Amino acid sequence: MDPFSEDSVEMFFYENRLKTFEGWPFEENCSCTPENMAKAGFIHTPSDNCPDIAMCFFCLKELEGWEPDDDPEKEHKSHSAACQFIALKKKVEELNVEEFFKLQRERHKFQIIKSRNNDITKFENAAKQRRADIIKTAIVEE
Ligand SMILES: [Zn+2]
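Residues numbered from 1 in each chain as written. Predicted model: local features only at pLDDT ≥ 70, side-chain atom pairs only at ≥ 80, totals over all residues.

Where an unreviewed UniProt entry is consulted, the protein chain appears under the name Survivin, with the organism given as Champsocephalus esox. Quoted verbatim from the Sequence similarities (unreviewed entry) field of UniProt, the annotation for the protein chain is "Belongs to the IAP family." (UniProt positions renumbered as here; feature names shortened; annotations may be inferred.)

Written out as structure tokens, the structure reads:
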């Protein structure tokens, strides 16, 4: 993947992350507003039964069950200590090319780990299903 391609770098920028928070359940008089969520690196990734799932665009950590008083930055750090984005001291706009490439490389590692974990889960589910089928067959044949 080209690290400078449009969709690959898009979510590095606050405004683009903020745009994803349409329909976010916490708007006013709380800590986890769309602005604070986006500032902390989160994008809104709701599903049908979970309207408050947010995921860090960088380390891909998903968090749900937000409370109005939750501080997005603190939550992010405590649930994903290895995330270099939330640990970043500079704004993305202030990084030089070398720093940005380094960050992109780290981000790819998270993507690889996540996709590998998904594959493992898929495999384990398939294996579980297969075992269940074998047991069922054995019972029928007895
Ligand atoms: Zn993160």
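Draft legend 1. Looking closely at unusual backbone geometry. Of note, Asn29 is a non-glycine position whose phi angle comes to about 50°, a positive value. Counting through the fold element by element, Asn29 comes out in the loop between helix H2 (14-19) and helix H3 (34-39). Residue classification places Asn29 among the exposed positions, given that 7 C-beta atoms sit within 10 Å. One non-glycine residue, Leu60, adopts positive backbone phi at about 65°. Here Leu60 shows up in the loop between strand S2 (54-56) and strand S3 (62-63). (Helix = DSSP H or I, 4+ residues; strand = E, 2+ residues; numbered from the N terminus. Buried ≥ 20, exposed ≤ 12 C-beta atoms within 10 Å, placed from the backbone.)

Draft legend 2. Layout of the environment of Gly65. Structurally, Gly65 is set in the loop between S3 and helix H4 (72-79). On the basis of neighbour counts, which here come to 8 C-beta atoms within 10 Å, the residue Gly65 falls in the exposed class. Each C-alpha atom, one on Gly65 and one on Asp52, is 6.6 Å from the other, the two residues being 13 residues apart in sequence.

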